[in-house]
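# Examination of the molecular architecture
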Amino acid sequence: MNLILTLEALKVYKVKHERLVQLAFVVLYLVNIAPYVLPVGDMDFSGFLYATETFIQDPSKPLPLLTSGNLLSLGLIAVTGLVDLLATMGYSVLMAGEHAGFSGKTMLLRLAKGLPALLLTLLLLLVPVILSSFLFMIPVLLLVTNLYVLPVLILSENRKLTEALQAAIQLVKGFKMMILLQMFFLSIILSLPESLVLGFMPQTLLTSILVPQFFVVLQVFAQGRLLGMFYLFLVKKVPVVIPSKPQL
């Protein structure tokens, strides 16, 4: 079952609104490469790293500080990460909406209605996520597995936050390890072709941006499909492999 789930998650094109997913893939790809190619910010952190190393060796040296360009680049990357996260959830909502027979307009309205509650949830989770960095990110993994289907419950079903939280925790009981392993397997499987492509292509600045960001976007949609499958399986009792016919 694990291998079937992982392989099915890679079929990101396998939805009725296939053209919409294709367009979203291209747009998200452009968004992801933007922080690296736009003539704003500064992606060169060598000065900060050197200052940090010097300060560690000699605390009397000035504190290492990021330049305004560095901060701007980090801000753009953070915004891009948020867009990627929302795209992952959006894909799962598309799967849920298609299964429920919702029209595109209905799915969009439900998405817009549930988005404030989801953003509030992400904001509240920011503190435990930051604190998790001191605990090898273990609390984040626990949060992700316990609240895995929460975004779809909020965005697709428009459940109230408290109700969605209780339902999400209840639904994943007995499936937490399976969810965690599937997310991990999917990441590993997609990292293999990326390493292979980068190994064969010439090492240029362009390839070091375009290739990794392509696989980042593919990861976004694949993880979104995995989330959608778990939602349909746990909530709607749909079989793990969900057949669908492309709508041209």
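Computed from a prediction, not measured in an experiment: that's the story for all the values here.

## Re the environment of G75
Structurally, G75 can be placed in helix α4 (residues 68–100). Residue G75 is classed as partly exposed on the basis of its relative accessible area, which comes to 31%. The sequence separation of G75 and V15 amounts to 60 residues, and the corresponding C-alpha distance is 33 Å.

## Here's the deal with the packing of helix α2 (residues 18–37) against α4
Following both chains from N to C, one finds α2 and α4 inclined at 165 degrees, their axes separated by 9 Å at the closest point. For the element pair α2 / α4, the angle class is roughly antiparallel. When you trace α2 past α4, the crossing you get is left-handed. Touching V21, L28, V31, N32, P35 and Y36 of α2 are L76, I77, T80, V83, D84, A87, Y91 and L94, all from α4. Per-class residue counts for the contact of α2 with α4 are eleven nonpolar, two polar and one charged.

## Concerning the layout of surface pockets
Size it by volume and the largest pocket reaches roughly 810 Å³. Together, 25 residues line the largest pocket, and L85, M89, L122, L125 and V144 are the ones closest to its centre. Mapped by element, the contributors of at least two residues to the lining of the largest pocket are α4, α5 (104–124), α6 (126–132), α7 (138–146), α8 (150–155) and α11 (205–234). Looking at the lining of the largest pocket element by element, the count peaks at six residues for α4.

Procedures and definitions
Residues numbered from 1 in each chain as written. Predicted model: local features only at pLDDT ≥ 70, side-chain atom pairs only at ≥ 80, totals over all residues. Heavy atoms only, no water. Helix = DSSP H or I, 4+ residues; strand = E, 2+ residues; numbered from the N terminus. Buried < 20%, exposed > 50% of the residue type's maximum accessible area, 1.4 Å probe, protein only. Axes fitted to C-alpha atoms, helices over the stretch in contact; angles between N-to-C directions. Parallel < 35°, antiparallel > 145°, perpendicular 65-115°, else oblique. Left-handed = near helix turned anticlockwise from the far one by under 90°. Contact = heavy atoms within 4.5 Å. Nonpolar A, V, L, I, M, F, W, Y, C, P; charged D, E, K, R; others polar. 1 Å grid on protein atoms, 1.4 Å probe; cavity = no way out; pocket = protein on both sides within 12 Å on 5 of 7 lines; lining within 4 Å. Points joined across faces, edges and corners; volume = space filled by probe spheres on them.

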